[in-house]
Amino acid sequence: MKTIYLDNNATTRTAPEVLEAITPYFHVYYGNPSSAHTFGGKVARKIQEARERVAALLEAEPEEIIFTSCGTESDNTAVLSALETRSDRRHIVTSRVEHPAVRSLCTHLTGKGYRVTEIPVDGQGHLDMERYQQSLTPDTALVTLMWANNETGVLFPVEKAARMAHERGILFHTDAVQVVGKIPIRMGESAVDMLSLSGHKLHAPKGVGVLYVRKGNTFSPLMIGGHQERGRRGGTENTPGIIGLGKACELAALRMDEENTRVKTLRDKLENGLISSVPNSRVNGDRTDRLPNTSNISFEFVEGEAILLMMDEFGICASSGSACTSGSLQPSHVLRAMGVPFTMAHGSIRFSLSIYNTEEEIDFVLDKVPAVIERLRGMSPYWKAGARACAAS
Amino acid sequence: MWEYTDKVKEHFLNPRNVGEVEDANGVAEVGSMACGDALKLTIKVEDGKVKDAKFQTFGCASAIASASALTEMIKGKPIEEVEKITNQDIADFLGGLPKEKMHCSVLGRQALEKAVADYRGIALKEEEGRIICECFGVTDREIERAVRENNLATVEEVTNYTKAGGGCEKCHDAIREIIAGVRAEATPVSRPKLSNIRKIKMIEETLEREIRPSLKHDGGDIELIDVIGNRVLVATRGTCAVCKASEQTLKNFVEAKLRELVWPELVVEEVTP
């Protein structure tokens, strides 16, 4: 059975060009970049090249790039560094819809004597900018806001928020894991102080991430050890991962147009096709201010995990914000923060595309998924009564 | 992704008895859409037997499979037999459920109980209790019952079986108190089914505490080799291994002790090393 992979916000396929570029760094050029010999030195030069490629994609300086092991490490490093270097301040501002890498960390810090303000979002997933402005105080050390939401793809006005923080002398970090490679990022003219990205979200392998730290900012490392990354991140470098990320960034720059044209068109075709052929379905989040590859659709009166498993029978891979898939008993915190009714949140499915998706795949999904929903609704005690109520209103 | 048994998957993909029995004389609706799963069960009882049963479910794969399994388990069965079905029976029928999904089997048991009560014309005495978990509307009575019937010991287990405590978590202390209360009861109302792991653990503890000291006193020893169902396979060591009376010792002392302290149906067998 063919796999139709529409779960690219979870992870992406490593690009064949990336795989080819990194393979020799496992068994041929396996030297340690810190070594004094030429054999290791060659690898160090490749890492420097990767650093330059990442910097080019972000329009940043190479020395502003710190390689880490993942997006979560980058987020943790950024937040903890800000608190360490601004030790006179005990307040953090974030949003209600952050990824657990930030959200769980903030909850953890609440228990350690820090105050955390979570800014709400509206029904479209937009940040409440008025509340945001009010939340910035002289005690605020850091603002950490995601650039794009991983579940809905909705974008936050990060530049505007960063400038507002700066005016008050507050550091600004953004989790840009879902954004890098999809929309242009220009750190050279940005007010953002720190930015996290993750390799495996843009066709590099898992196990490599980046924390961008603006030149001139004080920084406190999380991983303390050797002098790697100029003492800002101890630990032997994941050389194949880093070299792969460099290659992936180079490819992303070339393919960003395609993400915003062909991929976006496929996403829109999928989304419009599903909501027009499946009654009682709707898109979660603002449809314009959003990533080009993400669509979050709720199918009322059915449960997300059941939808996923039935789609799985056709090889279709996606995600759900339902309680049963989360491992917790409540539906996605993002959809709840947006005020999506439980009846809709339990039946939410996130489709996230990549440049590797084809029109045939989208046609196949449009052919199969409406029947899956209909079948599950046929088993649901709410479907008939609910549909009648909706028709009457 | 959840690890479901083939039987769960099969019942999910090909659910039996979906719909509503037209001339049903027992109807039950449990759960709610807000909570993430709901089940409507309709049964037709004739001549003391469940002649037909159908279900409608809003929920995940294991909720659908549990409801499908339940209808298969009760169809054609005498009502007295059907009444005794527990949530564990539903889970066992499916070859087990992931522990986080046990509440799906509890939902099935609740629906069954309510449908039978409806058939009998008794308004099932509303579990009047006090709401403990506000997020999922679970009462102290429901939690007590789940703890008692499934021998639950932790808040996490209670959440897995009843959903209570799975939301804002403010009720965790109250749940801990309920668990402590039930476990302090002098005689359990129904003897909990013994899981294999628990059984093996209890056998080991009994051997260590009650049996080995006596044997060692006579220069002997015993080793637990395996437990297969109710068969306890042991090997004797030291003087026991050469003692002609060791068979008597195993039956009259070791087996008797294990039956008394662990499970009444255990049989001790000696295996040669």
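Residues numbered from 1 in each chain as written. Chains lettered and ligands numbered in written order. Predicted model: local features only at pLDDT ≥ 70, side-chain atom pairs only at ≥ 80, totals over all residues.

## Side note on the domain arrangement of chain B
Next, step 1: Taken domain by domain, chain B holds domain 1 (6–120), domain 2 (131–183) and domain 3 (196–270).
Next, step 2: Each of domain 2 of chain B and domain 3 of chain B has a C-alpha centre, and these two points are 37 Å apart. (Domains from an automatic or database assignment.)

## A word on the pairing of strand β3 (residues 91–95) of chain A
All names here are of chain A.
Next, step 1: Buried residues dominate β3, accounting for 5 of its 5 residues.
Next, step 2: Every second residue of β3 is oriented toward a common face, with His91, Val93 and Ser95 on one face and Ile92 and Thr94 on the other, all of them buried.
Next, step 3: Pairing of β3 with strand β4 (residues 115–119) involves 5 bridges; the strand directions are parallel. Looking across to β4, one finds that Ser95 is bridged to Ile119.
Next, step 4: You can see the chain leave β3, run along helix α5 (residues 100–110) and come back into β4, and the turn it takes is right-handed.
Next, step 5: As defined by bridge partners, β3 adjoins strand β5 (residues 140–146) across 3 bridges and the pair is classed as parallel. Paired with His91 across the strands is Thr140, a residue of β5. (Buried ≥ 20, exposed ≤ 12 C-beta atoms within 10 Å, placed from the backbone. Helix = DSSP H or I, 4+ residues; strand = E, 2+ residues; numbered from the N terminus. Pairing = 2+ DSSP bridges. Right-handed = clockwise from strand over helix to strand, strands pointing away.)

## What to know about the confidence of the model for chain B
Next, step 1: Overall, the predicted model of chain B reaches an average pLDDT of 87, with 93% of residues at or above 70.
Next, step 2: Prediction confidence for the complex, expressed as pTM and ipTM, is 0.82 and 0.87 respectively. (pLDDT = per-residue confidence, 0-100.)

## Topic: the sheet that holds strand β2 (residues 37–46) of chain B
Residues and elements named next belong to chain B.
Next, step 1: Read from one edge to the other, the open sheet built from 3 strands follows the order β1-β2-β3, with strand pairing classed as antiparallel. On the outer flanks of this sheet lie β1 (26–32) and β3 (49–58), each paired with one strand and no other. The average undirected angle you get between the axes of adjacent strands in this sheet is 10°.
Next, step 2: When β1 meets β2, the two strands line up antiparallel, connected through 7 bridges. Residue Glu29 lies in a different strand from β2, and its bridge partner there is Lys40. (Axes fitted to C-alpha atoms, helices over the stretch in contact; angles between N-to-C directions.)

## Observations concerning helix α4 (residues 71–85) of chain A
Residue and element names in this part refer to chain A.
Next, step 1: With 15 residues, α4 extends 21 Å from end C-alpha to end C-alpha; this agrees with the ideal 21 Å at 1.5 Å per step.
Next, step 2: Counted residue by residue, α4 has 12 buried out of 15 residues, so it is predominantly covered.
Next, step 3: Taken as a whole, α4 has its buried residues at Gly71, Thr72, Glu73, Ser74, Asp75, Asn76, Thr77, Ala78, Val79, Ser81, Ala82 and Leu83.
Next, step 4: Check the buried side of α4 and you find it contacts β2 (65–68), α5, β5, β6 (171–175), β7 (194–198) and β8 (209–213). (Expected span 1.5 Å × (residues − 1). Contact = placed C-beta atoms within 7 Å.)

## Structural notes on the interface of chain A and chain B
Next, step 1: Every contact between the two is made by 20 residues of chain A and, on the other side, 20 residues of chain B.
Next, step 2: Looking at the side of chain A that touches chain B, the element that brings in the most residues is helix α9 (residues 304–312) of chain A, giving 3 residues.
Next, step 3: Each residue belonging to the side of chain A that touches chain B can be placed in one class, and the counts come to 10 nonpolar, 7 polar and 3 charged. (Nonpolar A, V, L, I, M, F, W, Y, C, P; charged D, E, K, R; others polar.)

## With respect to the domain arrangement of chain A
Residues and elements named next belong to chain A.
Next, step 1: Segmenting chain A into domains produces domain 1 (4–10 + 256–379) and domain 2 (16–252).
Next, step 2: Across the boundary between the two partners, domain 1 contributes 21 residues, which contact 21 residues of domain 2.
Next, step 3: Of all the secondary structure elements, the ones that give two or more residues to the side of domain 1 that touches domain 2 are α8 (239–277), β10 (294–299) and α11 (333–337).
Next, step 4: The greatest single-element share of the side of domain 1 that touches domain 2, amounting to 3 residues, is contributed by α11.
Next, step 5: The residue makeup of the side of domain 1 that touches domain 2, split by class, is 6 nonpolar, 10 polar and 5 charged.

## A look at the environment of Glu113(B)
Residues and elements named next belong to chain B.
Next, step 1: Mapping Glu113 onto the fold places it in helix α5 (residues 102–120).
Next, step 2: The class of Glu113 is partly exposed, set by 16 C-beta atoms lying within 10 Å.
Next, step 3: The sequence separation of Glu113 and Leu194 amounts to 81 residues, and the corresponding C-alpha distance is 23 Å.

## Remarks on the sheet that holds strand β13 (residues 348–352) of chain A
All names here are of chain A.
Next, step 1: Spatially, the 4 strands line up as an open sheet ordered β9-β10-β13-β12, and their pairing is antiparallel. Here the strands that pair on one side only, and so sit at the sheet edges, are β9 (281–283) and β12 (319–320).
Next, step 2: As paired strands, β9 and β10 are joined by 3 bridges and run antiparallel to one another. Following the sheet pairing, Arg282 is matched in β10 by Ser298.

## As for the packing of α9(A) against helix α13 (residues 359–379) of chain A
For any two helices packed against each other, one specifies the crossing angle of their axes together with the interaxial distance.
All names here are of chain A.
Next, step 1: Packing of α9 against α13 brings their axes to within 10 Å, and their N-to-C directions diverge by 130°. As judged from the angle between their axes, α9 and α13 are oblique. The hand of the α9/α13 crossing is right-handed. The residues of α13 that touch α9, namely those facing Ala306, Ile307, Met310 and Met311, are Val369, Val372, Ile373 and Leu376.
Next, step 2: When its residues are assigned to classes, the contact of α9 with α13 shows 8 nonpolar, no polar and no charged. (Parallel < 35°, antiparallel > 145°, perpendicular 65-115°, else oblique. Left-handed = near helix turned anticlockwise from the far one by under 90°.)

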